[in-house]
Protein chains: 2
Amino acid sequence: MRLAELAARSGFSNATIKYYLRAGLLHPGEAQSTTWAEYDDSHVRRLRLVRALTEVAGMSLETVRQVVLAVEEAGSEHEARGAAQWALSREVTDEPTASSLVRVDGLLARHGWTVHADSPHRRVLAAALDTVEQLGLPATDELLDSYAQALRPVAELEVSRVAEAEDTTVAAERLVVGTLLYEPVLTTLRRMAHEAASAPVRE
Amino acid sequence: MRLAELAARSGFSNATIKYYLRAGLLHPGEAQSTTWAEYDDSHVRRLRLVRALTEVAGMSLETVRQVVLAVEEAGSEHEARGAAQWALSREVTDEPTASSLVRVDGLLARHGWTVHADSPHRRVLAAALDTVEQLGLPATDELLDSYAQALRPVAELEVSRVAEAEDTTVAAERLVVGTLLYEPVLTTLRRMAHEAASAPVRE
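All of these numbers come straight from a predicted model, not from anything done at the bench. (Residues numbered from 1 in each chain as written. Chains lettered and ligands numbered in written order. Predicted model: local features only at pLDDT ≥ 70, side-chain atom pairs only at ≥ 80, totals over all residues. Heavy atoms only, no water.)

Participant: How should the overall build of chain A be read in this particular structure?
Facilitator: Along the backbone of chain A there are nine helices and two strands. Overall, chain A shows an N-to-C arrangement of helices and strands of α-α-β-β-α-α-α-α-α-α-α. Taking 203 residues into account, the globule formula puts the C-alpha radius of gyration at 17 Å, and chain A, at 21 Å, lies well above it. Along the longest, intermediate and shortest principal axes, the C-alpha atoms of chain A span 70 × 40 × 30 Å. Put simply, chain A has 203 residues, and 50% of those count as buried. Long-range contacts, defined as pairs at least 24 residues apart, comprise 62% of the intrachain contacts of chain A with a sequence gap of at least 6. If you sum the accessible surface of chain A, you get close to 9300 Å²; carbon and sulfur atoms cover 51% of it. Taking the average place of the 21 positive charges on the side chains of chain A and the average place of its 30 negative ones, the gap between the two points comes to 4 Å. (Helix = DSSP H or I, 4+ residues; strand = E, 2+ residues; numbered from the N terminus. Rg over C-alpha atoms; globule rule 2.2 N^0.38 Å. Buried < 20%, exposed > 50% of the residue type's maximum accessible area, 1.4 Å probe, protein only. Contact = heavy atoms within 4.5 Å. Areas by Shrake-Rupley, 256 points an atom, 1.4 Å probe, with all protein chains shown as cover. Lys, Arg positive; Asp, Glu negative; His and termini not counted. Charge placed at Lys NZ, Arg CZ, Asp CG, Glu CD.)

Next comes the structure, spelled out in structure tokens:
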């Protein structure tokens, strides 16, 4: 397809697509002459991923460029999903304490979770535990274990649906969008579960 | 105790405490003369709740005032927790669709969850489902059911710890702080669970 059709199918303007091509966010089409290039479904999918990363995940274009390159260079679907997932990691402003990092490692070990040593989520979780403790709410291992146990079957189901995707770009898009969009579903259901768990026994 | 000791124990300045008294965020002490009043532990607890609501939950003082009044007037601990919990509800800018509201009701009914008809979380959840669908990710009942199943035992554990609190103000504080502070713990663990669920079968 030509640029105009890619624009129509992706919902981006011609000018934006040209900008993304120059910025390395979109891979070049196949040049048919000096004046036009042929684009295909991979370009439509890539633009959908860029839209998800900017509009849903609120990433800067520079971060999106890094994610897109990582997805492109990933040797497997698992790596591609990891590249997208890690990029969603919250910034940790305060360095987590060593004791919280040890607790995170212990939690992962108890549940047999394989999480990469460089995963940013380790530090994010350790910093979250530090904040909890600073405010005088001890995060007991019992509670952390109950979270981990509860989340494993949910994650299996979620990952199985992402893995049905036709290629790595689509899988990465689904993971990013799904991770972010389902977070409010999960946290709101937790608040409703508090009410449900509280009502029958307390009144 | 006198105002100076209340200030020392709560970490607020004399001036801030006087402002909170005038604004109705803090109940008056027992007047001992025209120049001083006696404060007690209930004032320390109230100030801790105000701190949690403003600093952790990021609420405006006017919202805090409403929560504090609702906790004060609550006829039971369950009601006090509900007042605090509901105040944490996200603002829903777009009115949710009727079909999503029906789905939320169906979900609650399938799991036998007692959630108040006026709970703001119903609309928040329905709006979140609308967003998911608008972005082309169908939120199947299977997935919602797996979330609900996973969260119920976690919520039971969380509520049981809040219920150990000595009075309604402390219970409300623990619920607010716990709800907000554990959210990043839960969402980060979900991301790690994705990696753990993805790694062994995909590589």
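Participant: I'm lost on the side chain of Ser119(A) in this one. Help?
Facilitator: Turning to its location among the elements, Ser119(A) is positioned in the loop between helix H6 (98-111) and helix H7 (120-134). Those residues in contact with Ser119(A) that lie beyond four places of it in its chain are Trp86(A) and Glu195(B).

Participant: Can you walk me through the relation of the copies chain A and chain B in this structure?
Facilitator: One copy of the chain maps onto the second through a rotation about an axis and a displacement along it. Of the transformation placing chain A onto chain B, the axial shift is 0.0 Å and the rotation is 180 degrees, giving an RMSD of 0.0 Å. Here the two chains are linked by the operation of a two-fold rotation axis. Among all residues of chain A, the one whose C-alpha sits closest to the rotation axis is Ala150(A), at a distance of 2.3 Å. Taken as a fraction of all interface residues of chain A, those also at the interface in chain B reach 100%, which identifies the copy contact as same-surface. (Least-squares fit on C-alpha atoms with pLDDT ≥ 70 in both.)

Participant: Could you clarify how one ought to interpret the pattern of salt bridges in this entry?
Facilitator: Side-chain pairs of opposite charge can arise whenever the charged atoms involved come near each other. Residues and elements named next belong to chain B. By the definition in use, this model includes 22 salt bridges over all chains. Salt-bridge contacts for Asp141 lead to Arg110; the nearest nitrogen and oxygen are separated by 3.8 Å. Of this pair, Asp141 sits in helix H8 (residues 141-162) while Arg110 sits in helix H6 (residues 98-111), and the two are 31 residues apart along the sequence. For Arg110, a relative accessible area of 43% gives the class partly exposed. (Salt bridge = Lys/Arg side-chain N within 4 Å of Asp/Glu carboxyl O.)

Participant: Quick question: what am I supposed to make of the environment of Asp130(B) here?
Facilitator: Residue and element names in this part refer to chain B. By the secondary structure assignment, Asp130 is in helix H7 (residues 120-134). Sequence spacing of Asp130 and Glu156 is 26 residues, and the spatial spacing of their C-alpha atoms is 28 Å. Those residues in contact with Asp130 that lie beyond four places of it in its chain are Glu95, Pro96, Thr97 and Ser100.

Participant: Help me understand the nonpolar core, please; the structure alone is not making it clear to me.
Facilitator: In a soluble, globular protein the nonpolar side chains are often hidden away together inside. Among the nonpolar cores identified, the biggest contains 66 residues, and Trp113(A), Val185(A), Leu189(A), Trp113(B), Val185(B) and Leu189(B) are the most heavily contacted of them. Aside from chain neighbours lying at most four places away, what touches Leu189(A) is Leu107(B), Trp113(B), Leu125(B), Leu144(B), Tyr147(B), Ala148(B) and Leu151(B). (Core = buried A, V, L, I, M, F, W, Y, C linked by side-chain atoms within 4.5 Å.)

Participant: Looking at this structure, I do not really get the packing of aromatic side chains. What am I missing?
Facilitator: The description of two aromatic rings rests on the distance between their centres and on the angle between their planes. Scanning the model with the defined rule gives six aromatic pairs over all chains in all. Consider the rings of Tyr19(A) and Tyr20(A), whose centres lie 6.2 Å apart with planes at 50 degrees: the pair is tilted. For Tyr19(A), a relative accessible area of 38% gives the class partly exposed. For the pair Tyr147(A) and Tyr182(B), a centre-to-centre distance of 6.2 Å together with 75 degrees between the ring planes defines the contact as edge-to-face. Here Tyr147(A), found in helix H8 (residues 141-162), pairs with Tyr182(B), found in helix H9 (residues 168-202), and the two come from separate chains. Each member of the pair, Tyr147(A) as well as Tyr182(B), carries the same accessibility label: buried. Ring pairs connect the aromatic residues Phe12(A), Tyr19(A) and Tyr20(A), which therefore count as one cluster. Its guanidinium or amino end placed over the ring of Phe12(B), Arg51(B) lies 4.2 Å from that ring's centre, counting from NZ or CZ. (Phe/Tyr/Trp six-rings, centres within 6.5 Å; stacked < 30°, edge-to-face > 60°. Lys NZ or Arg CZ within 6 Å of the ring centre and 35° of its normal.)

Participant: Honestly, the interface of chain A and chain B in this entry has me stumped. Any pointers?
Facilitator: Often, the extent of an interface is quoted as the loss of accessible area on bringing the components together. Facing 74 residues of chain A, the contacting portion of chain B comprises 74 residues. The tally of links from chain A across to chain B stands at four salt bridges. Between Arg191(B) and Glu183(A) there is a salt bridge, with the nearest N and O atoms lying 2.9 Å from each other. At the surface where chain A touches chain B, the tally comes to 14 residue pairs in polar contact (both at pLDDT 80 or more). Looking at the side of chain A that touches chain B, the elements with two or more residues in it are helix H5 (77-87), H6, H7, H8 and helix H9 (168-202) of chain A. The element best represented in the side of chain A that touches chain B is H9(A), accounting for 26 residues. Taken together, the residues of the side of chain A that touches chain B sort by class into 42 nonpolar, 17 polar and 15 charged. (Polar contact = N/O pair within 3.5 Å; in protein donor to acceptor, adjacent residues only side chain to side chain. Nonpolar A, V, L, I, M, F, W, Y, C, P; charged D, E, K, R; others polar.)

Participant: I keep staring at empty space enclosed by the protein and nothing clicks. Help me out?
Facilitator: If a probe as big as a water molecule is rolled over the atoms, it shows which places are left empty. Throughout the structure, instances matching the rule amount to one cavity of 30 Å³ or more. Each pocket or cavity is described by its volume, and for the largest cavity that value is around 80 Å³. Contributing to the lining of the largest cavity are His194(A), Glu195(A), Ser198(A), His78(B), Arg81(B), Gly82(B), Gln85(B), Trp86(B), Val159(B) and Leu175(B). Listing elements by their share of the lining of the largest cavity, those giving two or more residues are H9 of chain A together with helix H5 (77-87) of chain B. The element contributing the most residues to the lining of the largest cavity is H5(B), with five residues. The class makeup of the residues in the lining of the largest cavity is three nonpolar, five polar and two charged. (1 Å grid on protein atoms, 1.4 Å probe; cavity = no way out; pocket = protein on both sides within 12 Å on 5 of 7 lines; lining within 4 Å. Points joined across faces, edges and corners; volume = space filled by probe spheres on them.)

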